[in-house]
Amino acid sequence: MKTWKTTALATAAAALTGMTSVAVAQERDQIRIVGSSTVYPFASYVVEEFGATTNFPTPVIESTGSGGGLQLFCEGVGVSTPDITNASRRMKPSEFDRCQDNGVTEITEALIGSDGIVIAHSADNEPLALTREQILLAVAAEVPQNGELVENPYDSWNEIDSSLPNAEIEVLGPPTTSGTRDAFEELVMEGASEAAGYPEEYTDIRSDGGYVDSGENDNLIVQRITENKDAVGIFGFSFLEENSDVVQAATVDGVEPTTESISTEDYPVARSLWFYIKEAHEGVVPGIDEYVSLFMDDIMIGTDGLLIEEGLIPLPASQSAEWRERVENRVDLQRSDLEG
């Protein structure tokens, strides 16, 4: 468990909780959190500090992927369901509808910062420059040829473009339950479909070994890249920073993923990070309000916050203040917020 990083952290936590204990008997006295593998390291940090600096039990947190977490979150209201779910993309309207249908009618949405999706390869390799079009053609189930879509024939990168390495295409990526996968399909595949010659937006991923579903554990992708120097991996920017001694990122459309390029959205594969609160569980499961307040505090997600040291890319100060106010006031999420 992480120790208290600063006196300010302990002071903030004490102010948030009043250092009081909850005496009311509960069916469950630990907060349960599920969701995104990308948000998991940041939420885990808050979980550990919350357990260390308050009198509440340390929350239980699971990395289930964004889609998997939202599925669990929207199953209904009750202590058998999660209180909070993390997501590396915004809730979909269809997920909101499922929540409503199952009685999860009051939801607070929290935006905490941003992250980039990197295309990483071994640090021992020469630098790699890719376009979104080239990445799409490497991972797509079908590619356009002579005015029609055919089964992807590309086995090596230089078959797509002679300037690319003569290396087997093996892309290690997230599963369908992952918000990283959703964001990759939207920002890379959909974004490059027209330029690549597809008649409409295309997101079908090949299943012949060129793309390898590598689960929710991004550290395993890093490990496999170190074992196979031809492989490239798709994961969040924070994991790149944590493993910069063994992996490096390709540029995408000529832009290197950096804190600045992601925060300014110059890097074309940047996405926002979220969590969702089940309001019906507040006051039933102890500590939810206090946990949320700690997570949204400047000491965690501000421009000099502790999570910035962990790789979170902060929101501009004005935007962060706006979201903090929305969360403090428990502004209910509306379907219209998710449309368009």
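Residues numbered from 1 in each chain as written. Predicted model: local features only at pLDDT ≥ 70, side-chain atom pairs only at ≥ 80, totals over all residues. Heavy atoms only, no water.

The name an unreviewed UniProt entry gives the protein chain is Phosphate binding protein, with Spiribacter salinus M19-40 as the organism.

A.B. asks: Got a minute to help me understand the overall build of the protein chain in this structure?
C.D. replies: Scanning the protein chain from N- to C-terminus turns up 15 helices and 13 strands. For the protein chain, the C-alpha radius of gyration of 21 Å lies close to 20 Å, the compact-globule estimate for 340 residues. Taken along the three principal axes of its C-alpha coordinates, the protein chain extends 70 × 45 × 35 Å. Relative to its full complement of 340 residues, the protein chain shows a buried share of 53%. Across the protein chain, every contact between residues at least 6 apart in sequence was considered, and the portion connecting residues at least 24 apart equals 75%. With the model as given, the accessible surface of the protein chain reaches about 14400 Å², and the carbon-plus-sulfur share is 44%. Counting 19 positive and 61 negative side-chain charges, the protein chain places the centres of these two groups 5 Å from one another. (Helix = DSSP H or I, 4+ residues; strand = E, 2+ residues; numbered from the N terminus. Rg over C-alpha atoms; globule rule 2.2 N^0.38 Å. Buried < 20%, exposed > 50% of the residue type's maximum accessible area, 1.4 Å probe, protein only. Contact = heavy atoms within 4.5 Å. Areas by Shrake-Rupley, 256 points an atom, 1.4 Å probe, with all protein chains shown as cover. Lys, Arg positive; Asp, Glu negative; His and termini not counted. Charge placed at Lys NZ, Arg CZ, Asp CG, Glu CD.)

A.B. asks: What should I look at first to understand the nonpolar core in this one?
C.D. replies: General note: in soluble globular proteins, nonpolar side chains tend to be found buried as a group. Membership of the largest hydrophobic core comes to 50 residues, with the highest contact counts inside it found for I119, L130, W157, V171, F184, Y198 and F235. With six residues, helix α7 (residues 179–196) is the largest single contributor of residues to this core. Formed by 47 residues, the second largest nonpolar core is a distinct cluster that contains V39, F42, L315 and L333. (Core = buried A, V, L, I, M, F, W, Y, C linked by side-chain atoms within 4.5 Å.)

A.B. asks: Help me out: how do you make sense of helix α4 (residues 93–101) in this one?
C.D. replies: It helps to recall that an α-helix has 3.6 residues per turn; residues three or four apart then point in one direction. Where α4 is concerned, the buried positions are E95, F96 and C99. Looking straight down α4, one finds that the buried residues subtend no more than 100° of arc, so they occupy a single side. Residues of α4 that are buried in the fold lie against α3 (66–73), β4 (107–122) and α15 (335–338). A positive phi of about 90° marks G103, the residue just after α4. (Arc of directions from axis to C-beta.)

A.B. asks: What's the story with the pairing of strand β10 (residues 232–236) in this structure? I'm lost.
C.D. replies: Where a strand is regular, its side chains alternate between the two sheet faces. The buried count for β10 comes to five of five residues, which makes it a mostly enclosed element. Bridge analysis of β4 against β10 gives four bridges, and the strand direction is antiparallel. Its bridge partner lying in β10, V118 is registered against F235. Note that strand β8 (residues 171–173) and β10 share two bridges and pair parallel. Across the sheet, V171 pairs through a bridge with V232, a residue of β10. (Pairing = 2+ DSSP bridges.)

A.B. asks: Help me out: how do you make sense of the domain arrangement of the protein chain in this one?
C.D. replies: In terms of domain boundaries, the protein chain breaks down into domain 1 (32–115 + 272–338) and domain 2 (116–264). Taking the mean C-alpha position of each, domain 1 and domain 2 sit 28 Å from one another. At the interface, 18 residues of domain 1 touch 18 residues of domain 2. Buried area between domain 1 and domain 2, both sides added, is near 1200 Å², and the carbon and sulfur share of it is 49%. Taken as a group, S37, D115 and I313 account for 38% of the area that domain 1 buries against domain 2, more than any other trio of residues on that side. (Domains from an automatic or database assignment. Buried area = accessible area lost by both parts, 1.4 Å probe.)

A.B. asks: So what exactly am I meant to see when it comes to helix α8 (residues 218–227) here?
C.D. replies: Of all the positions in α8, only D218, I221, V222 and I225 are classed as buried. Down the axis of α8, the smallest arc covering the buried residues is 100°, so these residues share one side. Looking at the buried positions of α8, the neighbouring elements they touch are β4, β8, β10, α9 (237–242) and β11 (247–249). With a side-chain oxygen lying 3.0 Å from the backbone nitrogen of N219, the N-terminal cap of α8 falls on N217. (Polar contact = N/O pair within 3.5 Å; in protein donor to acceptor, adjacent residues only side chain to side chain.)

A.B. asks: Explain the packing of helix α2 (residues 40–53) against helix α11 (residues 288–296) to me, please; I cannot follow it from the model alone.
C.D. replies: Any two packed helices are characterised by the angle at which their axes cross and by the distance between the axes. Where α2 contacts α11, the axes come no closer than 10 Å and their chain directions differ by 120°. Taken together, α2 and α11 sit at an angle that is classed as oblique. Taken as a pair, α2 and α11 cross one another with a handedness that is right-handed. Along the contact surface, α2 presents F42, A43, V46, V47 and F50, while α11 presents E290, Y291, L294 and F295. (Axes fitted to C-alpha atoms, helices over the stretch in contact; angles between N-to-C directions. Parallel < 35°, antiparallel > 145°, perpendicular 65-115°, else oblique. Left-handed = near helix turned anticlockwise from the far one by under 90°.)

A.B. asks: I keep staring at the pairing of strand β7 (residues 148–151) and nothing clicks. Help me out?
C.D. replies: The pairing of strand β6 (residues 142–145) with β7 spans four bridges and is antiparallel. Each bridged residue has a counterpart across the sheet, and for Q145 the counterpart in β7 is E148. The antiparallel pairing of β6 with β7 creates a hairpin that spans two residues between the two strands, and N146 there sits at a positive phi of about 55°.

A.B. asks: What is the right way to look at a negative patch on the surface in this model?
C.D. replies: A surface patch of negative charge is lined by D155, E159, E168 and D230. In this fold, E168 is placed in the loop between α6 (157–160) and β8. The class of E168 is exposed, set by a relative accessible area of 52%. (Patch = residues over 30% accessible without salt bridge, like charges linked within 9 Å, V, L, I, M, F, W, Y side chains within 5 Å. Salt bridge = Lys/Arg side-chain N within 4 Å of Asp/Glu carboxyl O.)

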